[in-house]
Amino acid sequence: MTGNERPSDVSDRPNTGIAHNARVWNYWIGGKDHYEVDQQVGDQVATMFPVIRDVARADREFLGRAVRFLTAERGVRQFLDIGTGLPTLDNTHEIAQRVAPESRIVYVDNDPIVLVHARSLLVGTPQGATDYIDADIRRPDDVIAGASSTLDLERPVAVMLLGILNFVTDTDEARDIVRRFMAAVPSGSFLVLTHPTTDADLDGEGNVEAMRFWNENATPPITARTRTEIAAFFEGLDLLAPGLVSCSHWRPDGGSAPTLPQFGAVAMKP
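Residues numbered from 1 in each chain as written. Predicted model: local features only at pLDDT ≥ 70, side-chain atom pairs only at ≥ 80, totals over all residues. Heavy atoms only, no water.

As enumerated under the stated definition, the model contains two aromatic pairs in all. Ring centres of Phe62 and Trp250 lie 5.5 Å apart, and the angle between their planes is 70°; this geometry places the pair in the edge-to-face category. Taken together, the residues span a long stretch of sequence, with Phe62 in helix α3 (residues 52–73) and Trp250 in the loop between β9 (245–246) and β10 (262–268) at a distance of 188 residues. Across this residue pair, the class does not change: Phe62 and Trp250 are buried. An aromatic cluster of three or more residues is present, and its members are Phe62, Phe69 and Trp250. Above the face of the Phe69 ring, Arg251 is positioned so that its terminal group lies 4.1 Å from the ring centre. (Phe/Tyr/Trp six-rings, centres within 6.5 Å; stacked < 30°, edge-to-face > 60°. Helix = DSSP H or I, 4+ residues; strand = E, 2+ residues; numbered from the N terminus. Buried < 20%, exposed > 50% of the residue type's maximum accessible area, 1.4 Å probe, protein only. Lys NZ or Arg CZ within 6 Å of the ring centre and 35° of its normal.)

Shown next as structure tokens:
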């Protein structure tokens, strides 16, 4: 699916009886694609853990800075955005193609809610390409096979895992997923990752109770990890400066940035 093609009709109707991450996240960043149950759970989580709205916005801003940096300064022209979430302003293809119109972007999600909105992710520049594939991060081979029709896997690819590995609650499985994706792309490719943490130096202790509430009242289940656990995702890769930091501190656009309990980093495959 490329250019202006439309995704096929989705028979799964959104479950509006339980809060869903894609919609709650959309609510936190000021979007409109959510229901009352999402607002209720989102507000309760924000009451328990007030910085969560700042985390959501900072994660999105990190995406913009990382894509601009990789496109403008590292010459990346291919992006594999896994766990896309609901479209919002300045999606990956818009940022990359603004710098380099020939950029090619593949979005990946297995959420019917996201698939319904995927058509808005498919309008890119005529020089480049955008695609959306319905696939699960837990099946990297399927993702790679689907992406290969749009991306040239002989050339560097930025593999983007923003706020998605926290939904793979088994840490060994999450590490294996990262290894398999990075094994499928060539030297000179990049891993772009964000992940919530419980680390005290990032004030992440509040994630524990907030995530417990989430797991009892919303879907899908989520987990936070320590700095050491998150750093392990980058084994065998070369971290770019400033390394693994609060995502708001990764190459900020001037001025002071708050420290938030969400790690972010970009690393290159040697």
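Read on, since the account is not over.
Turning next to helix α8 (residues 206–217). Here α8 is 12 residues long and its end C-alpha atoms lie 17 Å apart, about the 16 Å a rise of 1.5 Å per residue gives. Residues of α8 that are buried: Asn207, Ala210, Met211 and Trp214. For α8, the angular spread of the buried residues around the axis is 100°, confining them to a single face. (Expected span 1.5 Å × (residues − 1). Arc of directions from axis to C-beta.)

Right, let's get into the pattern of salt bridges. Applying the stated criterion across every chain, the model contains 16 salt bridges. Asp54 is the salt-bridge partner of Arg57, the closest N and O atoms lying 2.8 Å from each other. With Arg57 and Asp54 both in helix α3 and three residues apart, this pair spans about one turn of that helix. When its relative accessible area of 34% is taken as the criterion, Asp54 is described as partly exposed. In this structure, the salt-bridge partner of Asp253 is Arg68, at a minimum N-O distance of 3.4 Å. (Salt bridge = Lys/Arg side-chain N within 4 Å of Asp/Glu carboxyl O.)

A few words now on the packing of helix α1 (residues 21–28) against α3. Packing of α1 against α3 leaves a shortest axis separation of 9 Å and a crossing angle of 95°. With respect to their mutual orientation, α1 and α3 come out roughly perpendicular. From α1, Trp25, Tyr27 and Trp28 reach across to α3, where they touch Ile52, Arg53, Val55, Ala56, Arg57 and Asp59. (Axes fitted to C-alpha atoms, helices over the stretch in contact; angles between N-to-C directions. Parallel < 35°, antiparallel > 145°, perpendicular 65-115°, else oblique. Contact = heavy atoms within 4.5 Å.)

With that settled, consider the pairing of strand β6 (residues 190–196). Among the seven residues of β6, seven are classified as buried, and the element is accordingly described as predominantly covered. A two-sided burial pattern is seen for β6, the buried positions comprising Phe190, Val192, Thr194 and Pro196 on one face and Leu191, Leu193 and His195 on the other. Pairing of strand β5 (residues 158–162) with β6 involves five bridges; the strand directions are parallel. For Leu161, the partnering residue across the bridge sits in β6 and is Leu193. In this fold, β5 hands off to helix α7 (residues 171–183), which returns the chain to β6; that crossover is right-handed. (Pairing = 2+ DSSP bridges. Right-handed = clockwise from strand over helix to strand, strands pointing away.)

Further remarks concern the packing of α3 against helix α4 (residues 92–99). In contact at an axis separation of 9 Å, α3 and α4 are set at 30° when each is read in the N-to-C sense. Of the two possible hands of crossing, α3 and α4 adopt the one that is right-handed. Contacts between α3 and α4 involve Leu63, Gly64, Val67, Arg68, Thr71 and Ala72 from the first element and Thr92, Ile95, Ala96 and Val99 from the second. Of the residues in the contact of α3 with α4, the class split is six nonpolar, three polar and one charged. (Left-handed = near helix turned anticlockwise from the far one by under 90°. Nonpolar A, V, L, I, M, F, W, Y, C, P; charged D, E, K, R; others polar.)

For the bond running from Thr219 to Pro220, omega is -5°, close enough to zero to count as cis. Mapping Pro220 onto the fold places it in the loop between β7 (218–219) and α9 (227–231). Omega for the bond connecting Ala241 with Pro242 falls within 30 degrees of zero, at 10°, which places this linkage in the cis form. Position of Pro242 relative to the elements: it lies in the loop between β8 (238–239) and β9. Not every positive phi belongs to a glycine, and Asp203 is a case in point at roughly 55°.

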